[in-house]
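# A closer look at the structure
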Amino acid sequence: MKVLKVALVGYQALCLSKIEAFSVQQKPVSSTVTSTASEFFMSISPLEETDNTRVGRSNEEIERELASGRILEDGPVIDFGSVKDTTSQGEIALLKAREEYLNEVKSKGKEGVKLGFVVEGQQQRLMGINDEVVAEVGREVGNFVTDTELVQNCASYLRSKDVNGMFEAHPETASDSIQSYTGSDSKFDALLRESYVESGLVTEAFAKTFYLGTQLLPKDAQEAIWAIYVWCRRTDEIVDAPRRPEDVNMLTDLSAWEIRLENLFRYGIVEDVLDLPLLDCKIKYPNLPIEPFVDMIRGMLMDIPDLGQERYETFEELHLYCYRVAGTVGLMSMPIFGCAPGFTEEEAKEPALSLGVAFQLTNILRDVGEDAVKRGRIYLPRDDMERFGVTEEQIIARRMDANYAALMKYQIERSRMYYDRALRGVPMLADYSRLPVQSSLDCYGKILDKIEENGYDSLNQRAYCSKWEKLAEIPFSWYRTLDISKTFPIPGDKPLSTK
């Protein structure tokens, strides 16, 4: 607890120096509040009674994990890498599901254990592929090959390209067979290309702004980012998609998914055709770490009813969630984006995590109404809601008023601070990655502008940028990546943050 308090005091002090409105977060309303923050409180009505009972993760569990975070650069970004409270009820439940799954595999064989979503009258879908994914993409996903032996031979073909000796021989597999395969290289290359195309379609369907940024990358880097995104998408669907009684238990799927991840990174083993791109990515980028992938699974665990969190008392709690479900994507992407001469991945880590936090906060602010009504989740910190006189009942009823608008103004300011910190990292990237990242930052940041244009109503309106608006932004993004932009910035652009 003492470590936690020291970390949070330092964290709060830095936030106060970064954004005027942050004085609202940690202090009661008084005459010392800045004029900007004071405007936020105009016309705010008294707070209604709200049931703040915590469900799922206990205060003790949360505090233990928050205390394990590492503040980067003495700044408002905390690295929660590999933070895991093994005594939490979520971890205990996941471990129990893992043991039960492995016991079932031992007794029935892997082929005899059902995973994923059941589709009556069709072949079993791949894990993390459900009705929502199929509807969004416009067709079935990953069913273009039914020959499992072909997929496994392709994996062996890819492992044979591992010149770094990354992969161990699996204890249950003959050491000389892990790289042996039968079939033509051209056939495997064709299957891998088709797997990448499928991954690109999923990425485009679910993350249009993100996908647009990948179009500006070289082919290998573009495909690697698609592979990472599809793994993340499938992980998210395992937890978020509705389940019917006949579907496999969510924790069983999630524990099996984590085992698959471990097997891929340690042994180079795949289970289905959409694993092939990630295996290829690991071979091409051997310093791709497993830790952010594992951390993302911990983020999914936070979304499981009764084990995770449906409410967040403070921004510090939300920060942990943002790190796990989005900051991790920045860390996964770093080996692919590469660093400019004179910079290291460690130096680029803080901007990379800032980018993930900025994107996730934007998602949260854009989807407040939808998350509350469709998923029963409210991610806005409760202490912020209380200060601005916004209640859970109001959000669920989608009742827009001046209180909610003031709350959104405050949250948008916080989000933009993380965008500013992420922008510091663009010059640290390899040349080929700067425009894609800058473009993604610029286009995604415009969602915040759209929320403002909608009168801060993210309860009833979903802010978005059209494809043409995104395309029109690219020339400006390109200019911002040039050295001359530091001397002659685009009107309205702020100088890059140095802290």
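First, a word on scope: everything that follows refers to the structure included in this document. In this text the structure is predicted, and so the values were computed from the model without any measurement.

What counts, and where the lines are drawn
Every chain begins its residue count from 1, and numbering advances along the sequence as written. At least 70 in pLDDT is required for a residue's local features to be given in this predicted model, at least 80 for side-chain atom pairs to be given and counted, and no such filter applies to totals for whole chains, interfaces and linings, which use all residues. Values shown for side chains rest on all heavy atoms present in the structure; no hydrogens or waters enter the calculation. Going along the chain from the N terminus, every DSSP run of H or I of four or more residues is numbered as a helix, and every run of E of two or more is numbered as a strand. Working definition: with a 1.4 Å probe on protein chains only, accessible area under 20% of the residue-type maximum means buried, over 50% means exposed, and in between means partly exposed. Residue contacts follow a heavy-atom distance rule, with two residues in contact if any of their heavy atoms lie within 4.5 Å. Only the protein chains shown count as cover for residues, and all accessible areas are computed by the Shrake-Rupley method using a 1.4 Å probe. The rule for a salt bridge is simple: a side-chain nitrogen of Lys or Arg has to be within 4 Å of a carboxyl oxygen of Asp or Glu. For our purposes a nonpolar core is just a set of buried Ala, Val, Leu, Ile, Met, Phe, Trp, Tyr and Cys residues, chained together by side-chain atoms within 4.5 Å. A pair of Phe, Tyr and Trp rings is counted when the ring centres sit within 6.5 Å of each other, with Trp represented by its six-membered ring. The angle between the planes then sorts it: under 30 degrees is stacked, over 60 is edge-to-face, the rest tilted. We count a charge as sitting over a ring when the NZ of a lysine or the CZ of an arginine lies within 6 Å of the ring centre and within 35 degrees of the ring normal. For helices, the fitted axis covers only the stretch in contact; all axes are lines through C-alpha atoms, and the angles between them, taken along N-to-C directions, range from 0 to 180 degrees. When an angle is under 35 degrees it counts as roughly parallel; over 145 it counts as roughly antiparallel; between 65 and 115 it counts as roughly perpendicular; any other value is oblique. Two helices that cross are described as forming a left-handed crossing if the nearer one is turned anticlockwise from the farther one by less than a right angle, and a right-handed crossing if clockwise. Residue classes follow a fixed rule: Ala, Val, Leu, Ile, Met, Phe, Trp, Tyr, Cys and Pro count as nonpolar, while Asp, Glu, Lys and Arg count as charged, and any other residue, Gly among them, counts as polar. The span expected for a helix works out to 1.5 Å for each residue beyond the first. Two axes are fitted around each residue, one to the seven residues ending there and one to the seven starting there, and the angle between them is reported as the bend at that residue.

Attention now moves to the overall build of the chain. On a plain count of helices and strands, the chain comes out with 22 helices and two strands. Burial statistics for the chain: of 499 residues in total, 56% are counted as buried. The contacts in the chain between residues at least 6 apart in sequence include a share of 75% that link residues at least 24 apart. Within the structure as shown, the chain displays about 22100 Å² of accessible surface, and the carbon and sulfur contribution to it stands at 53%.

Bringing the pattern of salt bridges into the picture now. Side chains that carry opposite charge are capable of pairing whenever their charged atoms lie near each other. Enumeration according to the criterion identifies 49 salt bridges in this entry. Between E237 and R233 there is a salt bridge, and its shortest N-O distance comes to 3.0 Å. Placement of the pair is E237 and R233 together in helix α10 (residues 219–240), with a separation of four residues, close to one helical turn. Close ionic contact of R414 with D384 constitutes a salt bridge, the shortest N to O distance being 3.1 Å. Taken together, the residues R414 in helix α19 (residues 402–423) and D384 in helix α17 (residues 382–388) connect sequence positions 30 residues apart. We classify R414 as buried; its relative accessible area is 1%.

This paragraph deals with the nonpolar core. Nonpolar side chains in soluble globular proteins tend to be buried together. Judged by nonpolar contacts, the single largest core of 133 residues is most densely connected at W231, L276, L380 and I395. Broken down by element, the residue count for this core peaks at 14 residues, all from helix α14 (residues 315–337).

The next thing to look at is the packing of aromatic side chains. By convention here, two paired aromatic rings are described through the distance between centres and the angle between planes. Applying the stated criterion across every chain, the model contains 14 aromatic pairs. On the numbers, 5.8 Å between centres and 15° between planes, the contact of Y211 with W226 is stacked. In this pair, Y211 sits in helix α9 (residues 208–214) while W226 sits in helix α10, placing the two residues 15 residues apart along the sequence. Taking the relative accessible area as the measure of exposure, Y211 reaches 15% and is therefore buried. Ring pairs connect the aromatic residues W231, W257, F265 and F293, which therefore count as one cluster. When the ring centre of F315 is taken as origin, the NZ or CZ atom of R414, which lies over that ring, is 3.9 Å away.

This brings us to the packing of α10 against helix α11 (residues 250–267). Between α10 and α11, whose axes approach to 9 Å, the crossing angle comes to 160°. By the criterion of interaxial angle, the relationship of α10 to α11 is roughly antiparallel. Between α10 and α11 lies a crossing whose hand is left-handed. Residues W231, R234, T235, I238 and V239 of α10 form the contact with α11, whose participating residues are M250, D253, L254, W257, R260 and L261. Its residues assigned to classes, the contact of α10 with α11 comprises seven nonpolar, one polar and three charged.

Turning to helix α16 (residues 368–375), a few remarks are in order. Along α16, the positions that sit buried rather than exposed are V368, G369, D371 and A372. Buried residues in α16 make contact with α15 (345–366), α18 (392–396) and α19. Where α16 ends, the next residue or the one after it, G376, has phi of about 70°, a positive value.

Our focus in this paragraph is helix α21 (residues 467–480). In this model, α21 (14 residues) spans 20 Å end to end at C-alpha, consistent with the 20 Å of a helix rising 1.5 Å per residue. The sharpest bend along α21 reaches about 30° and sits at I474, with the proline P475 one to four residues further on. Within α21, the full set of buried residues consists of K470, E473, I474 and S477. Packed against the buried residues of α21 are α9 and α20 (431–453).

Along the chain, the position of L66 falls in helix α4 (residues 59–67). Note on L66: relative accessible area 10%, which makes it buried. It is 8.6 Å that separates the C-alpha atoms of L66 and V83, two residues lying 17 residues apart in sequence.

Angle between the axes and distance between the axes are the two parameters that describe a pair of packed helices. Following both chains from N to C, one finds helix α13 (residues 291–301) and α14 inclined at 155°, their axes separated by 8 Å at the closest point. With respect to α14, the element α13 is oriented roughly antiparallel. Pair α13 / α14 crosses with left-handed handedness. Contact residues: P292, F293, D295, M296, R298, G299 and M300 in α13; Y321, Y323, R324, V325, T328, V329, L331 and M332 in α14. Tallied by class, residues from the contact of α13 with α14 come to ten nonpolar, two polar and three charged.

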